[in-house]
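Residue strings, one per chain:
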Amino acid sequence: MSTKLKQGFMRNVKVSAGTLRLLMNLWPPFIGAGIHVEHLAPDYLEARVRMRLGLLNRNYMGTHFGGSLFAMTDPFFALLVMHRLGRDYVVWDKASRIDYRLPGRGTVRANFRITPEQVEEIRRATAGGDKHEPVFAVDVTNRQGEVVATVEKTLYVRRKPGR
């Protein structure tokens, strides 16, 4: 297999959604940024993440540091798609864009959702070995439900050769 299509060792470890949630909550970059995975659906169609404002994730103005807002959204669409598709597919983050709307104060949350129809569209688009670059979006909201930031994630998905 091409080295371009290889993924890390964790890709080959089968873990339940609950175990993965626990591991992510113990991951030092998430701990340092105050990021907590509240929910990871057993079917990998949904994840809910929160981040409290603290000393280690605030900026000069006393609001959430933009890099922490981005970090709380970074891996989730790729993880959801990767677990839904299974080991016959390579899934990478390809591009991201964040649009800051309001200063982030207090606790913020992001709810990630993919649908079975989106997963089937990815399977159809990659059935012949072609790459597919689906785009997903998530809003980061404050306690009042106001959008603090919108993040767009473009994934790279390809069926592994010979599968």
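Refer to the structure printed above.
Since the structure is predicted, the reported quantities are computational estimates derived from the model, not experimental observations.

Asks: Quick question: what am I supposed to make of the sheet that holds strand 3 (residues 89-100) here?
Replies: Within a sheet, neighbouring strands are paired by backbone hydrogen bonds and run either parallel or antiparallel to one another. Taking strand neighbours across the sheet as the criterion, the 6 strands line up as 1-2-4-5-6-3 in an open arrangement whose pairing is antiparallel. Unpaired on one side and paired on the other, strand 1 (35-40) and strand 3 mark the two borders of the sheet. Each neighbouring strand pair of the sheet contributes to a mean axis angle of 20°, computed without reference to strand direction. For strand 3 and strand 6 (residues 147-159), the ladder comprises 11 bridges, and the chain directions are antiparallel. Bridging from a neighbouring strand, Y100 pairs with A149 of strand 6.

Asks: How should the packing of aromatic side chains be read in this particular structure?
Replies: For any pair of aromatic rings, the description consists of the separation of the ring centres together with the inter-plane angle of the planes. A full pass over the atoms with the stated rule returns 5 aromatic pairs. Taking 5.1 Å as the distance between ring centres and 65° as the angle between the ring planes, the aromatic pair formed by W27 and F30 counts as edge-to-face. Three or more aromatic residues joined by ring pairs make a cluster, and in this case those are W27, F30, F76, F77, F112 and F136.

Asks: Explain unusual backbone geometry here, please?
Replies: The backbone of Y44 shows a phi angle near 55°, a positive value even though the residue is not glycine. Secondary-structure assignment places Y44 in the loop between strand 1 and strand 2 (46-51). The exposure class assigned to Y44 is buried, which follows from its relative accessible area of 8%.

Asks: It is not clear to me how helix 5 (residues 116-126) should be interpreted in this structure. Could you clarify?
Replies: Every α-helical turn comprises 3.6 residues, leaving residues that sit three or four positions apart pointing alike. Every buried residue of helix 5 is accounted for by V119, I122 and T126. Looking straight down helix 5, one finds that the buried residues subtend no more than 60° of arc, so they occupy a single side. Relative to its buried face, helix 5 has exposed residues pointing more than 90 degrees away, namely E117 and R124. Its buried side turned inward, helix 5 meets helix 4 (76-85), strand 3, strand 5 (135-141) and strand 6.

Asks: Just to check I follow, could you spell out helix 1 (residues 17-25) for this structure?
Replies: Among all positions of helix 1, only A17, L20, M24 and N25 are buried. Within helix 1, the buried residues cover an arc of 135° as seen down the axis, which keeps them to one side. Summarising the contacts, the buried residues of helix 1 are in contact with helix 2 (28-33), strand 1 and helix 4.

Asks: So what exactly am I meant to see when it comes to the environment of M51 here?
Replies: If you trace the backbone, M51 turns up in strand 2. Along the sequence, M51 and R101 sit 50 residues apart, while their C-alpha atoms lie 17 Å from each other. Those residues within four positions of M51 in sequence are excluded, and the remaining contacts are A33, G34, I35, N57, H64, S68, L69, M72, G106, T107 and V108.

Asks: Looking at this structure, how should I read the pattern of salt bridges?
Replies: Side chains that carry opposite charge are capable of pairing whenever their charged atoms lie near each other. All told, the structure shown has 11 salt bridges when counted by the stated rule. When the shortest N-O distance is used, the salt bridge between R48 and E38 registers 3.2 Å. Within this pair, whereas R48 is found in strand 2, its partner E38 is found in strand 1, the two being separated by 10 residues in sequence. Across the pair K153 and D74 runs a salt bridge whose closest N-O atoms are separated by 2.8 Å. Within this pair, whereas K153 is found in strand 6, its partner D74 is found in the loop between helix 3 (66-71) and helix 4, the two being separated by 79 residues in sequence. By relative accessible area, K153 is classed as buried at 0%. By sharing partners, the salt bridges in this structure join E38, R48, R50 and R109 into a single network.

Calculation rules
- Residues numbered from 1 in each chain as written.
- Predicted model: local features only at pLDDT ≥ 70, side-chain atom pairs only at ≥ 80, totals over all residues.
- Heavy atoms only, no water.
- Pairing = 2+ DSSP bridges.
- Helix = DSSP H or I, 4+ residues; strand = E, 2+ residues; numbered from the N terminus.
- Axes fitted to C-alpha atoms, helices over the stretch in contact; angles between N-to-C directions.
- Phe/Tyr/Trp six-rings, centres within 6.5 Å; stacked < 30°, edge-to-face > 60°.
- Buried < 20%, exposed > 50% of the residue type's maximum accessible area, 1.4 Å probe, protein only.
- Arc of directions from axis to C-beta.
- Contact = heavy atoms within 4.5 Å.
- Salt bridge = Lys/Arg side-chain N within 4 Å of Asp/Glu carboxyl O.

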